[in-house]
Amino acid sequence: IVLTQSPDTLSLSPGDRATLSCRASQRLSTSKDYFAWYQQRPGQAPRLLIYDASTRATGIPDRFSGSGSGTDFTLTITRLEPEDFAVYYCQQYGGSPTFGPGTKVDI
Amino acid sequence: EVQLVQSGAEVKKPGESLRISCKASGYDFTTYWITWLRQMPGKGLEWMGRTDPSDSYIYHSPAFEGHVTISLDKSTTTAFLQWNSLKASDTAIYYCARHYSSLHAFDIWGQGTMVTVSS
């Protein structure tokens, strides 16, 4: 399953709302959306933000939310904080895991 | 504290062998799978394969099978990624991550191991 993310880069300011999209080349599952979002800050390992398409991982602030199903998924960040400027990857884990190419959110 | 601690950066020559490690602590090692991923310089994440410590099941992604070997040592709660003959194109950061099953996201990640292969 190939994942496509858009846009490649999102240039925003602290306090703005960010909307990131990810599209799968085929439906992930008929029963559940095995879909996640990760954040990667420069020089750091990725961090799980959202799993099962819309469930926030432990310790993730509620300004991060995930939505979507089937083939189209969205990560929304309300009120960007300085530490949110990073690269975001989408992932499907319904079979052999694959990742999207990433969206960079920068100032 | 639940954590995965990876071995340090490596600099190798083409053709050399290498084994890097990922030590788990703070949880029942046999309850969670361990996955390995590659991130080439300036690029995205690629899944290399996974292992289930409960039964030592190991699966290598077809894209990496034959070039790397995943293994584990339950007695030391450590997973390994090994190359017998490195190539320059193996230069990358390698991450380990844990997940509850093959149908779960990767909730804890190691800090990454930078591998540089250069003559």
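Residues numbered from 1 in each chain as written. Chains lettered and ligands numbered in written order. Predicted model: local features only at pLDDT ≥ 70, side-chain atom pairs only at ≥ 80, totals over all residues. Heavy atoms only, no water.

Is there a simple way to think about the sheet that holds strand β3 (residues 18-25) of chain B in this case?
Residues and elements named next belong to chain B. Strand order across the open sheet formed by 4 strands is β1-β3-β8-β7, with antiparallel pairing between neighbours. On the outer flanks of this sheet lie β1 (3-6) and β7 (68-73), each paired with one strand and no other. Neighbouring strand axes in the sheet, compared pairwise and without regard to direction, differ in orientation by 20° on average. (Pairing = 2+ DSSP bridges. Helix = DSSP H or I, 4+ residues; strand = E, 2+ residues; numbered from the N terminus. Axes fitted to C-alpha atoms, helices over the stretch in contact; angles between N-to-C directions.)

What is the right way to read the sheet that holds strand β8 (residues 72-77) of chain A from this model?
What links the strands of a sheet is backbone hydrogen bonding, and the strands pair in either a parallel or an antiparallel sense. Residue and element names in this part refer to chain A. Read across the sheet, 4 strands follow the order β1-β3-β8-β7 without closing on themselves; strand pairing throughout is antiparallel. Whereas interior strands pair on both sides, the edge strands pair on one side only; in this sheet they are β1 (3-6) and β7 (64-69). Pairwise comparison of adjacent strand axes, ignoring direction, gives a mean angle of 20° for this sheet. Relative to β8, β7 runs antiparallel, the two being bridged by 6 bridges.

Help me understand the side chain of Gln-39 of chain A in this model?
Residues and elements named next belong to chain A. Secondary-structure assignment places Gln-39 in strand β4 (residues 35-40). On the accessibility criterion, Gln-39 (2% relative accessible area) is buried. Of the polar contacts made by the side chain of Gln-39, one reaches the side chain of Tyr-88; its length is 3.0 Å. In this structure, Gln-39 is in contact with Ala-45, Pro-46, Arg-47, Leu-49, Phe-64, Glu-83, Asp-84, Ala-86, Val-87 and Tyr-88, ignoring residues within four places of it in sequence. (Buried < 20%, exposed > 50% of the residue type's maximum accessible area, 1.4 Å probe, protein only. Polar contact = N/O pair within 3.5 Å; in protein donor to acceptor, adjacent residues only side chain to side chain. Contact = heavy atoms within 4.5 Å.)

I tried to follow the layout of surface pockets on my own but got confused; where do I start?
Summary: where empty space remains is shown by rolling a probe the size of a single water molecule over the atoms. Here the largest pocket defines a volume of roughly 460 Å³. Lining the largest pocket are 19 residues, with Arg-47 and Leu-48 of chain A together with Asp-107, Ile-108 and Trp-109 of chain B positioned closest to its centre. Broken down by secondary-structure element, the contributors of at least two residues to the lining of the largest pocket are β5 (47-51) of chain A together with β10 (108-109) of chain B. At 3 residues, β5 of chain A tops the list of elements feeding residues into the lining of the largest pocket. Grouping the amino acids of the lining of the largest pocket by side-chain chemistry returns 11 nonpolar, 5 polar and 3 charged. Taken as a whole, the second largest pocket holds about 350 Å³ of empty space. Lining the second largest pocket are 22 residues, with Gln-40, Arg-41, Pro-42 and Val-87 of chain A together with Gln-39 of chain B sitting closest to its centre. Sorting the residues of the lining of the second largest pocket by element identifies β9 (87-92) and β11 (103-106) of chain A together with β9 (92-99) and β11 (113-117) of chain B as the ones contributing at least two each. (1 Å grid on protein atoms, 1.4 Å probe; cavity = no way out; pocket = protein on both sides within 12 Å on 5 of 7 lines; lining within 4 Å. Points joined across faces, edges and corners; volume = space filled by probe spheres on them. Nonpolar A, V, L, I, M, F, W, Y, C, P; charged D, E, K, R; others polar.)

I'm lost on the pairing of β11 of chain B in this one. Help?
Each regular strand shows side chains that alternate between the opposite faces of the sheet. Residue and element names in this part refer to chain B. A one-sided burial pattern is seen for β11, the buried positions being Thr-113, Val-115 and Val-117 and the unburied ones Met-114 and Thr-116. As judged from the 3 bridges shared by strand β2 (residues 10-12) and β11, these two strands associate in the parallel manner. If you follow Val-11 over to β11, its bridge partner there is Thr-116. Examined bridge by bridge, β9 and β11 share 3 bridges and lie antiparallel to one another. What sits directly across from Tyr-94, in β11, is Thr-113.

Sorry, what's going on with the interface of chain B and chain A here?
Quite often, the size of an interface is put as the accessible area lost when its parts meet. On the side of chain A, 17 residues touch chain B, which itself brings 18 residues to the contact. For the pairing of chain B and chain A, the buried interface totals around 1,400 Å² over both sides, and the portion due to carbon and sulfur atoms is 65%. The largest contributions to the chain B side of the interface with chain A come from Leu-45, Leu-103 and Ala-105 of chain B, which together make up 37% of the buried area. Remark: the boundary between chain B and chain A carries 0 salt bridges. For the side of chain B that touches chain A, the elements supplying multiple residues, two or more each, are β4 (33-39) and β5 (45-52) of chain B. In terms of residue count, the dominant contributor to the side of chain B that touches chain A is β5 of chain B (3 residues). In the side of chain B that touches chain A, the residues fall into 9 nonpolar, 6 polar and 3 charged. (Buried area = accessible area lost by both parts, 1.4 Å probe. Salt bridge = Lys/Arg side-chain N within 4 Å of Asp/Glu carboxyl O.)

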